[in-house]
Amino acid sequence: MDSCLIVNPVSGSDRAPEFLPAIEERLRSTFGGLDVKVTSHEGDAEDTARQAAETGCRRVVVAGGDGTLNEALNGIASAGALDRVAIGLLPLGTGNDFAGTLGLHDDPLAAAEVVASGRERRVDVGVVNGRVFVNASAGGFLAEVSDALTPGMKTIAGRLAYLLAGAGVIASFDPPSAAVTIGGESLGARQYQLFVVCNGPTIGGGHRAAPRARPDDGLLDACLVEASGTLDLVALLRRLSKGEHLDAEGVTYRQFQSAELAFDRVLKVNTDGEVIETRICRYRVLPGAARFIA
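How each quantity is defined
Each residue is numbered by its place in its chain's sequence as written, counting from 1. In keeping with the predicted nature of the model, local features appear solely for residues at pLDDT of at least 70, side-chain atom pairs appear and are counted solely at 80 or more, and the whole-chain, interface and lining totals rest on all residues. Computation of side-chain values covers all heavy atoms of the structure but excludes hydrogens and water. In these notes, a set of buried Ala, Val, Leu, Ile, Met, Phe, Trp, Tyr and Cys residues joined through side-chain atoms within 4.5 Å is what counts as a nonpolar core. Remark: exposure states derive from per-residue accessible area (1.4 Å probe, protein chains only) relative to the maximum for the residue type, with buried under 20%, exposed over 50%, and partly exposed in between. Each helix is a run of DSSP H or I of at least 4 residues and each strand a run of E of at least 2, with the numbering of both proceeding from the N terminus. In what follows, a contact means two residues having at least one pair of non-hydrogen atoms within 4.5 Å. Two strands are said to pair when DSSP picks up at least two bridges between them. Throughout, right-handed denotes a crossover for which the path from the first strand over the helix to the second runs clockwise when the strands point away from the viewer. Confidence scores labelled pLDDT are given residue by residue by the predictor and lie between 0 and 100. The distinction between a cavity and a pocket rests on a 1 Å grid over the protein atoms alone: a 1.4 Å probe fits inside a cavity but cannot get out, while a pocket stays open yet meets protein on both sides within 12 Å along at least five of seven lines, and a residue with an atom within 4 Å of a point counts as lining. Grid points are joined across faces, edges and corners, and a volume is the space filled by probe spheres set on the points.

1. A closer look at the nonpolar core
Alright, step 1. In terms of nonpolar packing, the biggest core is built from 31 residues, with Ile 6, Val 60, Leu 69, Ile 76, Phe 98, Val 134 and Phe 292 touching the most fellow members.
Alright, step 2. Every element with two or more residues in this core is listed here: β1 (3–7), α2 (44–54), β3 (59–64), α3 (66–78), β4 (86–91), α4 (97–101), β5 (120–128) and β13 (274–293).
Alright, step 3. Setting aside its immediate chain neighbours within four residues, Val 134 contacts Leu 69, Leu 73, Phe 98, Asp 124, Val 125, Asn 199, Gly 200, Asp 272 and Phe 292.
Alright, step 4. Counting residues in hydrophobic clusters, the runner-up holds 21 residues, among them Phe 256, Ala 259, Cys 281 and Val 285.

Listed below in structure tokens is the structure:
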């Protein structure tokens, strides 16, 4: 089968079942054969995408959020097929940040029209500790917020779920110390409230953490925020949301091709919606490695 549609039925506000018949009809009318797979548990999208790539599928369309896309991307990468499989995205998640970077409409049916057009663009791919990502990888306060989010919060509150989770984390979070090397330059060891490594400019549903980031410039963008008091952090987060934080005190912003962050303890790190735990993050970029329909 040339085309595979991977559907996460519980992404975002559980909208997939509502849109699936129309999406399936539109894609079949364009691509002919279409293998539809509905995920039921964590890892399904990765396994399905890998199997599709290994059996010669030329097009994988993901109907879901950033986490579903991350799984599918890693499945295609593990099959060594990033260069020969085109990836389509139908935004059904809570944040849909990378969909916005690609210029896709929040309406999944409008996005299906874009996918049906077949127009492609090359996109850089980030790598952290062997896992690939296309939008962002964040640690510290931001990852704790992501980990505090529950599917129920996303379903009920949508993008407001990030604010609800953040309110519960901000007062209790203990900033880690990290030794940071970016592009061969050592920044020394400091306490960081948060860090984010971006391929696209926004995180968490439109917050402009990396306003200079472009998904096709061959670089990743790092924003590191040093530890501060709660009120200072709240003020900075407001600026970060608008992309007005780059000249703020305690903020380091760099563009790079490789970097390493070594923490003083095991830390949660969120990468395109998937949370891992690690003491060292090693980042690099694969310029133009993925083909996206956009």
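Anyway, onward from the coordinates.
2. Overview of the pairing of β4
Alright, step 1. Among the six residues of β4, six are classified as buried, and the element is accordingly described as predominantly covered.
Alright, step 2. Along β4, one buried face is formed by Ala 86, Gly 88 and Leu 90 and the opposite face, lined by Ile 87, Leu 89 and Pro 91, is buried too.
Alright, step 3. Note: β3 against β4, six bridges, orientation parallel. Paired with Arg 59 across the bridge in β4 is Ala 86.
Alright, step 4. Between the parallel elements β3 and β4, the chain passes through α3 in a crossover that is right-handed.
Alright, step 5. Across two bridges, the pairing between β4 and β13 is parallel. By the bridge assignment, Ala 86 is partnered in β13 with Arg 291.

3. Quick look at the confidence of the model for the protein
Alright, step 1. Across the protein, the average pLDDT comes to 88, with 89% of residues at 70 or higher.
Alright, step 2. Taken element by element, the predicted model of the protein shows its lowest mean pLDDT in helix α7 (residues 151–157) (43) and its highest in strand β11 (residues 251–256) (98).

4. Digging into the layout of surface pockets
Alright, step 1. If you add up the space inside the second largest pocket, you get close to 210 Å³.
Alright, step 2. Considering the residues around the second largest pocket, the lining is formed by Val 225, Glu 226, Ala 227, Ser 228, Asp 232, Leu 233, Ala 235, Leu 236, Arg 239, Ala 248, Glu 249 and Gly 250.
Alright, step 3. Secondary structure elements with two or more residues in the lining of the second largest pocket: β10 (220–226) and α9 (230–242).
Alright, step 4. Examining the composition of the lining of the second largest pocket, we find that five residues originate from one element, α9, more than from any other.

5. Examining unusual backbone geometry
Alright, step 1. Positive phi outside glycine occurs at Asn 129, with the angle close to 50°.
Alright, step 2. At Asp 272, a position not held by glycine, the phi torsion is positive, near 50°.
Alright, step 3. Counting through the fold element by element, Asp 272 comes out in the loop between β12 (258–271) and β13.
Alright, step 4. Residue classification places Asp 272 among the buried positions, given a relative accessible area of 5%.

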